[in-house]
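Understanding the architecture of this molecule
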Amino acid sequence: MRCPKCGGQDDKVIDSRSSKEGATIRRRRECLSCEHRFTTYEQIEQEPLMVVKRDGRREAFSKEKLISSLQRACQKRPVSEDDLASAVERIQDGLAGSFDRETTSGAIGERVMRELRKLDPVAYVRFASIYRNFEEATDFVSEVERLGHLPIDDKRQLELIEESEAAARGRRSQ
Ligand SMILES: [Zn+2]
């Protein structure tokens, strides 16, 4: 490290401690020429997580994209920003475990569905309708019925069918 005061190239480390749960190491250094003390930080260079899409193309994971697709699914639904934010955190934490820094759009989709299923059945079906590309409204209903822990009454079923039909219309007009 070049001394910021005199430009000398040699220094010694006089203190070294890790911070942020070990993600960063802070080193206190002293210039051997002028004894000026300065601090450097060392951290792991994170390679971007790559997402392999269904058509085989790869692109860098985008948190913004993830957030906007969740927001789209939850539009006008009783889901708070806080709930959405923590769902995004959990999805991201799960993906961070991929050792090779690579995942698939399918793996992300499954995680999103798992989170939406807990948050709101309509948001879940909206997302699933686009993600799984369901064609028939009945598919949505059976998908919803598969959610054993969610009581789906007649009114809600109607709501879901309307949602899915609206989603299908949206797809056709695209
Ligand atoms: Zn110096």
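The following paragraphs examine the structure supplied in this document. Since we're looking at a predicted model, the values are computed, not measured.

Focus: the sheet that holds strand β2 (residues 24-31)
The sheet built from 3 strands is open, its strands ordered β1-β2-β3 with antiparallel pairing. Unpaired on one side and paired on the other, β1 (11-19) and β3 (37-43) mark the two borders of the sheet. The sheet shows a mean angle of 25° between the axes of neighbouring strands, direction not considered.

Considering the packing of helix α1 (residues 63-73) against helix α2 (residues 81-96)
At a minimum axis distance of 10 Å, the contact between α1 and α2 shows a crossing angle of 135°. The angle between α1 and α2 places the two elements in the oblique class. Considering only the axes of α1 and α2, their crossing is right-handed. When α1 is examined against α2, the residues K63, L66, I67, L70 and Q71 are found in contact with a partner set consisting of L84, A87, V88, I91 and Q92. For the contact of α1 with α2, the per-class residue count stands at 7 nonpolar, 2 polar and 1 charged.

Some thoughts on the sheet that holds strand β6 (residues 102-104)
As summarised here, the arrangement of the 3 strands in space is β5-β4-β6, forming an open sheet in which the pairing is mixed. Where the open sheet ends on each side, the last strands, each with one partner, are β5 (58-60) and β6. When the angles between neighbouring strand axes are averaged without regard to direction, this sheet yields 30°. Alignment of strand β4 (residues 50-52) against β6, held across 3 bridges, turns out to be parallel.

What about helix α3 (residues 105-119)?
Between its first and last C-alpha, α3 extends 21 Å over 15 residues, near the 21 Å set by a 1.5 Å rise per residue. What α3 keeps buried is the set I108, V112, E115, L116, R117 and L119. Where α3 is buried, its residues touch β4, α1, α2, β6 and α4 (121-131).

The rules behind each value
- Throughout, a residue's number is its position along its own chain's written sequence, starting from 1.
- Per-residue local features of the predicted model are confined to residues with pLDDT of at least 70, and side-chain atom pairs are confined, for both listing and counting, to 80 or more; whole-chain, interface and lining totals are unaffected and use all residues.
- Two strands are said to pair when DSSP picks up at least two bridges between them.
- Labels follow the DSSP assignment, with helices taken as runs of H or I lasting at least four residues and strands as runs of E lasting at least two, numbered in each case from the N terminus.
- Axis geometry follows a simple rule: fit a line to the C-alpha atoms, using only the stretch in contact for helices, then measure angles between N-to-C directions, giving values from 0 to 180 degrees.
- Note on angle classes: values under 35 degrees are labelled roughly parallel, values over 145 roughly antiparallel, values of 65 to 115 roughly perpendicular, and the remainder oblique.
- Should the near helix be turned anticlockwise from the far one by less than a right angle, the crossing is termed left-handed; should it be turned clockwise, right-handed.
- Once C-beta atoms are placed from the backbone, any two residues with those atoms within 7 Å are in contact.
- Any residue that is not Ala, Val, Leu, Ile, Met, Phe, Trp, Tyr, Cys, Pro, Asp, Glu, Lys or Arg is counted as polar, Gly included; the first ten are nonpolar and the last four charged.
- Every helix has an expected span of 1.5 Å times one less than the residues it contains.
- Exposure classes come from backbone-placed C-beta atoms, where a residue is buried if 20 or more other C-beta atoms lie within 10 Å of its own, exposed if 12 or fewer do, and partly exposed in between.

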